[in-house]
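# Fold and contact review
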Amino acid sequence: MNWKTASLLAALGSVVLLLFWLWTPDKPRSELEVRYLAAPGDMLQVGPWRLHVRDSGPRDAPAVVMLHGFGASLHTWEAWAQALSATHRVIRLDLPGSGLSEPDSANDYTDARSLQLVLALMDQLGVSRASIVGHSIGGRIAWTLAARHPERTERLVLVAPDGFASPGFEYGQVAKVPAVLGAMRYVMPKAVLRMNLAPAYADPAFLTDELTTRYHDLMLAPGARDAMFKRLEQTVLTNPVPLLNTITAPTLLVWGAADAMIPVTNAQDYLGAVKGSRLVMLPGAGHLPHEEAAQASLQAVADFLR
């Protein structure tokens with residue numbers, strides 16, 4: 001063996017070792033449920049979906065349905081849900097392939113499928129009408145539901161909602177998912193995830209190891225990463241203004257002033273399109289004001305829902 005061959009084999013060996021070190025397998029569902037499932041009854045079969053749902057507060061109180069954003073789970077609403085449960089029936093769920101909810105058996109992660117799911121869950125729980133709260137992608141699902149099903153929507157709370165075109169998400173085109181992000185299906189050390197989560201928070205200190213661990217653990221649920229990227233790959237945006245113009249439910253926008261993911265300037269598009277909508281802007285908060293500025297944002301939402 002000459003020195004060139006030996007050097008090549010050594011280099012290949014180093015690459016294999018690096019990939020082996022970086023490779024991040026799924027975590028057993030049983031292990032995740034021990035840590036993040038509050039009660040066995042929170043796993044519900046709703047039509048074709050096996051969902052993680054938390055239903056708290058008086059059953060005869062006005063209902064609130066909460067929809068989380070990309071890569072998140074129902075835990076993102078913890079502060080709001082605990083407080084609002086005193087006066088409302090609060091229903092929050094992990095979307096299919098997120099948190100502890102199993103991936104969609106049909107591998108369908110389109111907004112139309114999500115609307116079908118939310119309505120099916122409301123029907124199963126006996127909720128004919130609810131206030132809908134949504135963050136980011138969950139916000140897009142929320143305002144679409146309010147536009148298409150006004151008879152099911154009492155009030156609408158949009159937290160930094162998605163829906164208008166942005167770099168990589170043009171109208172009428174399949175979203176462009178960078179190859180580097182796609183590789184996270186197989187390689188996602190916690191340190192790498194932390195770097196991807198950091199821009200969502202204005203205060204770096206807020207992203208604690210405990211919070212990062214929760215996001216990391218739940219993204220390692222069986223099939224979760226594949227579902228997460230399929231949801232992106234199946235997203236085809238259309239100009240939202242015609243649908244937003246039809247919304248009749250009272251609408252509150254909640255936005256972090258330091259949002260680096262969907263800038264607060266986008267709020268003007270919604271204020272112009274949704275009649276009577278109003279904005280609460282949280283200074284010093286990033287893309288997740290319901291986590292980072294939980295009490296300040298909660299006060300505005302609680303007043304609005306009352």
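Structure's up top.
Attention here is on the structure that accompanies the text. (Residues numbered from 1 in each chain as written. Predicted model: local features only at pLDDT ≥ 70, side-chain atom pairs only at ≥ 80, totals over all residues. Heavy atoms only, no water.)

### Quick look at the overall build of the chain
For clarity, the threshold we go by: Numbering of helices and strands starts at the N terminus; helices are DSSP runs of H or I of at least 4 residues and strands are runs of E of at least 2. Radius of gyration here is computed from C-alpha atoms only, and the compact-globule reference equals 2.2 Å multiplied by the residue count raised to the power 0.38. With a 1.4 Å probe rolled over the protein chains alone, any residue whose accessible area is under 20% of its type maximum counts as buried; one over 50% counts as exposed, and the rest are partly exposed. Two residues qualify as a contact provided that any one of their heavy atoms is within 4.5 Å of a heavy atom in the partner residue. Per-residue and other accessible areas follow the Shrake-Rupley method at a 1.4 Å probe size, with only the shown protein chains counted as cover for residues.
Looking only at helices and strands, the chain has 13 helices and 8 strands in total. The C-alpha radius of gyration computed for the chain amounts to 20 Å, which stays within 12% of the reference 19 Å derived for 306 residues, consistent with globular compactness. Counting only C-alpha atoms, the chain reaches 75 × 40 × 40 Å along its principal axes. The buried share of the chain, taken over its 306 residues, is 52%. Summarising the internal contacts of the chain: among those between residues at least 6 apart in sequence, 74% fall at separations of at least 24. For the chain, the accessible area works out to roughly 13,700 Å², and carbon and sulfur atoms hold 61% of it.

### Regarding the packing of aromatic side chains
To keep things clear, this is the line we draw: Here is the rule: rings of Phe, Tyr and Trp (six-membered ring for Trp) pair when centre to centre is within 6.5 Å. Planes less than 30 degrees apart are stacked, more than 60 are edge-to-face, and the remainder are tilted. Lysine and arginine charges are scored as sitting over a ring when NZ or CZ, respectively, is within 6 Å of the ring centre and within 35 degrees of the ring normal.
On inspection of all chains with the given rule, the structure shows 4 aromatic pairs. Ring geometry for W77 and W80: centres 5.5 Å apart, planes at 40°, overall tilted. According to the relative accessible area criterion, W77 is buried, its value standing at 0%. Under the relative-accessibility criterion, W80 is labelled buried at 0%. Three or more aromatic residues joined by ring pairs make a cluster, and in this case those are F164, W255 and Y270. The lysine or arginine in question, R155, covers the ring of F304, its NZ or CZ lying 5.0 Å from the ring centre.

### Some words on the environment of S105
In this structure, S105 sits in the loop between β4 (89-93) and α4 (111-124). Residue S105 is classed as exposed on the basis of its relative accessible area of 59%.

### Considerations on the nonpolar core
Put simply, the test is: Residues belong to one nonpolar core when they are buried, are Ala, Val, Leu, Ile, Met, Phe, Trp, Tyr or Cys, and are joined through side-chain atoms within 4.5 Å.
One finds V65 and L93 to be the most contacted residues of the largest nonpolar core, which totals 42 residues. A per-element tally of this core places helix α5 (residues 137-148) first, with 7 residues. Discounting chain neighbours no more than four positions away, the residues touching V65 are I91, L93, V118, M122, A130, S131, I132 and V133. W80, V280, A302 and L305 belong to the second largest nonpolar core, which has 22 residues in total.

### Details of the side chain of D42
Here is the rule we go by: Charge convention: Lys and Arg are scored as positive, Asp and Glu as negative, and His as well as the terminal groups of each chain are ignored. Salt bridges are counted wherever a side-chain nitrogen of Lys or Arg sits within 4 Å of a carboxyl oxygen of Asp or Glu.
Following the sequence through the fold, D42 ends up in the loop between α2 (29-36) and β1 (43-46). Within the buried core, D42 has no salt-bridge partner, and the shortest N-O distance to an opposite charge, that of R54, equals 4.0 Å. Those residues in contact with D42, other than ones at most four positions away along the chain, are L37, L51, H52, V53 and R54.

### Thoughts on the pattern of salt bridges
The tally for this structure, following the rule as stated, stands at 18 salt bridges. The salt bridge involving D104 is made with R113; its shortest N-O contact spans 2.7 Å. With respect to burial, D104 and R113 carry one shared label: buried. The partner of R306 in a salt bridge is D303, and the shortest N-O contact between them spans 2.7 Å. In this structure R306 comes out as exposed when scored by relative accessible area, which is 61%. For D303, a relative accessible area of 41% translates into the label partly exposed. Members of the salt-bridge network, linked through shared partners, are R185, D226, K230 and E233.

### Here's the deal with the pairing of strand β3 (residues 63-67)
The criterion, for reference: Think of it this way: DSSP has to see at least two bridges between two strands before they count as a pair.
Counting buried residues along β3, 5 of its 5 residues qualify, which places the element largely inside the surrounding structure. Side chains A63, V65 and L67 of β3 all project onto a buried face; the interleaved residues V64 and M66 project onto the opposite face, where all are buried too. Two strands pair when backbone bridges link them, and β3 and β4 are joined in this way by 5 bridges, in the parallel orientation. Across the sheet, the residue bridging to A63 is R89, located in β4. Judged from the 4 bridges that link them, β3 and strand β5 (residues 130-135) form a sheet pairing that is parallel. Paired with V65 across the two strands is I132, which belongs to β5.

### Description of the packing of α2 against helix α8 (residues 209-219)
Operational definition: All axes are obtained by fitting lines to C-alpha atoms, using only the stretch in contact for helices, and the reported angles, taken between N-to-C directions, cover 0 to 180 degrees. By definition, any crossing whose near helix is turned counterclockwise from its far helix by less than a right angle is left-handed, and any crossing with a clockwise turn is right-handed. Polarity classes work like this: nonpolar for Ala, Val, Leu, Ile, Met, Phe, Trp, Tyr, Cys and Pro, charged for Asp, Glu, Lys and Arg, and polar for all others, with Gly in that last group.
Running from N to C, α2 and α8 point in directions that differ by 145°, and their axes come no closer than 10 Å. Note on packing geometry: the crossing formed by α2 with α8 is left-handed. Contacts between α2 and α8 involve L32, R35 and Y36 from the first element and T213, R214, D217 and L218 from the second. Taken together, the residues of the contact of α2 with α8 break down into 3 nonpolar, 1 polar and 3 charged.

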